[in-house]
Amino acid sequence: MNSIECRICETPISAFISFGKMPIANGFLLPEHYQNEYFFELSTAFCPNCGMVQIIDQPTPEMMFHEDYAFFSGTSRYMSMHFERFAKSVMQNRLRDKDDPFVVELGSNDGIMLQHFKEAGIRHLGIEPSLNVADAARAKGINTVSEFFNADLAQKIVEEHGCADVVLAANVMCHIPTLPDIAKGMSTLLGPNGLLIFEDPYLGDVIEKTSYDQIYDEHVFVFAAGSVNEAFSRHGFELVHVEPQTTHGGSMRYTLAKKGVMKPSAETLALFKREEQLGLQNPTTFETFRENCERSRDELMALLNDLRAQGKTVAGYGATSKSTTVINYCGITPEHIRYISDTTPTKQNKFTPGVHIPVEPYETFTNNYPDYALLFAWNHKDEIMAKESAFTKSGGKWITYIPKVEIFE
Ligand code: TYD
């Protein structure tokens, strides 16, 4: 399938790029499951009407989020700190004057953000359909329901707990193909002065850094301020504030209120203008982006083939979801990369989706440094560089492809 109706405004849209056949990005697997591995075509479109960037085909949510979901939010120390700051800023700026506030989080994972509300004695509810991570949250005493959010669930929550003052979501909203239903559910769940605050990887960064690896099955949308405002304004919301974030290689935090309740901030108006300058509403921007992706792929493969020809050892660093797009789109094989080191126990001793590169515990990397490490977890570069000085001291070199393919020490 190369064209569909826009999930936001139903305008017919067609792909500007195909990354080819892709497996489930977080589908780390064992050899006995290779036979049944699922593939779909990963291609991306831009809606010229509402400006929403979205993938065309998406596997069903049940194929991606289930009891074995490999992603635990609590695996990065920097991300833990980020969510603590996020929670505290909401408490300070949005909840201070509320009597007995109620906070709901969509996709609350292992409770990495809600735990701060719990500690502050604030009524909270996490909505997390992946059972294993939801169980981890419940074990920490964080109220969590394991269901997919929709208008019915919103109604049930309101009946049981009353309206929410704030609904939060971090790296979740861009996962939900039925965004209009979510927006409808939000108008039920949030009280008249309630706020929806969410953050996701930002289209402006993806375009500027050619970070095409933000595009994978789970990320059905790549948001910008303009497209978020368009999508939610159809359901009575208005974008009132934006705050750029460095997380996930460049994200944006959006605050939406019910229409007419708050004036859009100066930052919001400035970002609308900047997006116009960046051409985020302009189809030619996406043609250029496609060319940049192809160049990045060709340069990375030239480099990896060259290192292979020289007999150098290369390991991947961080078995990210993003890496599934890079590995499968570029055609990286175990011949190029012997293994990928990752600190997440549920990924270790499995194989990467599609191409089946072994995922090894971190100690495999530290016990016997490779000549080169390909930084798939580039969004954690600062954290990783801070702890890996011994690798570079031993003569090890890093390879990145963001914003361009290069070797660094
Ligand atoms: P993440 O940043 O969540 O990216 P994505 O959303 O694309 O999956 O994943 C980071 C991965 O990298 C995660 O599997 C943990 C791993 N990791 C390490 O192995 N070592 C590290 O020092 C850090 C920061 C992450």
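Residues numbered from 1 in each chain as written. Predicted model: local features only at pLDDT ≥ 70, side-chain atom pairs only at ≥ 80, totals over all residues. Heavy atoms only, no water.

With that settled, consider the environment of proline 403. By secondary structure assignment, the location of proline 403 is in the loop between β17 (397-400) and β18 (406-408). Separated by 206 residues in sequence, proline 403 and isoleucine 197 have C-alpha atoms that sit 28 Å apart. Apart from residues lying up to four places away in sequence, proline 403 is in contact with Lys209 and Thr210. (Helix = DSSP H or I, 4+ residues; strand = E, 2+ residues; numbered from the N terminus. Contact = heavy atoms within 4.5 Å.)

Turning our eyes to something else, we now look at helix α8 (residues 225-233). Among all positions in α8, only Ala225, Gly226, Ser227, Val228, Ala231 and Phe232 are buried. Buried residues belonging to α8 abut α6 (179-189), β9 (190-201), β11 (237-245), β12 (251-258) and α9 (266-278). (Buried < 20%, exposed > 50% of the residue type's maximum accessible area, 1.4 Å probe, protein only.)

Okay, the site of the ligand next. Inspection of the region around the ligand gives 19 residues, with Ser321, Asp342, Lys347, His380 and Lys387 positioned closest. Asparagine 379 places a polar side-chain atom, nitrogen or oxygen, 2.7 Å from an oxygen atom of the ligand. The contact in question runs from an oxygen atom of the ligand to an N or O atom on the side chain of histidine 380, over 2.5 Å. Here the ligand has 560 Å² of accessible area as a free molecule, and 96% of this is covered by the chains. No other element matches the 3 residues that helix α13 (residues 381-387) contributes to the shell around the ligand. (Near = heavy atom within 4 Å. Polar contact = N/O pair within 3.5 Å; in protein donor to acceptor, adjacent residues only side chain to side chain. Areas by Shrake-Rupley, 256 points an atom, 1.4 Å probe, with all protein chains shown as cover.)

Attention shifts here to empty space enclosed by the protein. Per the counting criterion, the structure on display carries 1 cavity of 30 Å³ or more. Its boundaries defined by the atoms lining it, the largest cavity holds a volume of some 30 Å³. Cys174, Asp200, Pro201, Gln214, His219, Phe221, Val222 and Phe223 are the residues that line the largest cavity. Sorting the residues of the lining of the largest cavity by element identifies β9 and β10 (221-222) as the ones contributing at least two each. Class assignment for the residues of the lining of the largest cavity results in 5 nonpolar, 2 polar and 1 charged. (1 Å grid on protein atoms, 1.4 Å probe; cavity = no way out; pocket = protein on both sides within 12 Å on 5 of 7 lines; lining within 4 Å. Points joined across faces, edges and corners; volume = space filled by probe spheres on them. Nonpolar A, V, L, I, M, F, W, Y, C, P; charged D, E, K, R; others polar.)

With that settled, the discussion passes to the state of the cysteines. This model, assessed by the stated rule, comprises 0 disulfides. Here cysteine 6 is not disulfide-linked; the sulfur of cysteine 50 is the nearest cysteine sulfur, at 3.6 Å. No disulfide involves cysteine 330; its nearest neighbouring cysteine sulfur is the one of cysteine 293, lying 9.4 Å away. Cysteine 330 sits in the buried class, given a relative accessible area of 9%. (Disulfide = S-S within 2.5 Å.)

To continue, consider the sheet that holds β9. Strand order in the open sheet formed by 7 strands is β7-β6-β5-β8-β9-β12-β11, and the pairing between neighbours is mixed. The two strands at the open ends of the sheet, each matched to only one other strand, are β7 (144-145) and β11. Where helix α2 (residues 77-94) meets the sheet, it contacts β8 (164-170), β9, β11 and β12, and its direction lies at approximately 155° from that of β9. Where α6 meets the sheet, its contacts fall on β5 (102-106), β8, β9, β11 and β12, and the angle it forms with β9 comes to roughly 140°. (Pairing = 2+ DSSP bridges. Axes fitted to C-alpha atoms, helices over the stretch in contact; angles between N-to-C directions.)

Attention now goes to the pairing of strand β13 (residues 314-317). Alternating residues of β13 divide into Val314 and Gly316 and Ala315 and Tyr317, and every residue in both groups is buried. The pairing of β13 with strand β14 (residues 340-341) spans 2 bridges and is parallel. Residue tyrosine 317 lies in a different strand from β14, and its bridge partner there is serine 341.

Before going further, it helps to spend a moment on the domain arrangement of the protein. Along its sequence, the protein is organised into domain 1 (73-278) and domain 2 (285-408). For domain 1 versus domain 2, the distance between C-alpha centres works out to 30 Å. On the side of domain 2, 21 residues touch domain 1, which itself brings 19 residues to the contact. Between domain 1 and domain 2, a total of about 1,900 Å² is buried, with carbon and sulfur atoms accounting for 66% of that surface. (Domains from an automatic or database assignment. Buried area = accessible area lost by both parts, 1.4 Å probe.)

Once that is clear, we can look at the sheet that holds β18. Pairing within the open sheet is mixed, and its 6 strands lie in the order β15-β14-β13-β16-β17-β18. Two strands in the sheet have a free side with no partner beyond their single neighbour: β15 (359-360) and β18. Lying over the sheet, helix α10 (residues 283-309) contacts β13, β16 (372-375), β17 and β18, oriented at roughly 150° with respect to β17.

Taken as a whole and judged by the stated rule, the model has 22 aromatic pairs. A ring pair is formed by phenylalanine 16 and phenylalanine 289, whose centres lie 6.3 Å apart and whose planes are at 65°; its orientation type is edge-to-face. With a gap of 273 residues between them, phenylalanine 16 in strand β2 (residues 12-22) and phenylalanine 289 in helix α10 connect regions that are remote in the sequence. By the burial criterion, phenylalanine 16 is buried, and phenylalanine 289 matches it. Considering the side-chain rings of phenylalanine 365 and phenylalanine 391, the 5.1 Å spacing of their centres and the 50° angle between planes classify their relative orientation as tilted. Highlighted residues: phenylalanine 365 in helix α12 (residues 362-367) and phenylalanine 391 in helix α14 (residues 389-393), separated in sequence by 26 residues. A residue is classified by how much of its surface remains accessible, and phenylalanine 391, at 0% relative accessible area, is buried. (Phe/Tyr/Trp six-rings, centres within 6.5 Å; stacked < 30°, edge-to-face > 60°.)

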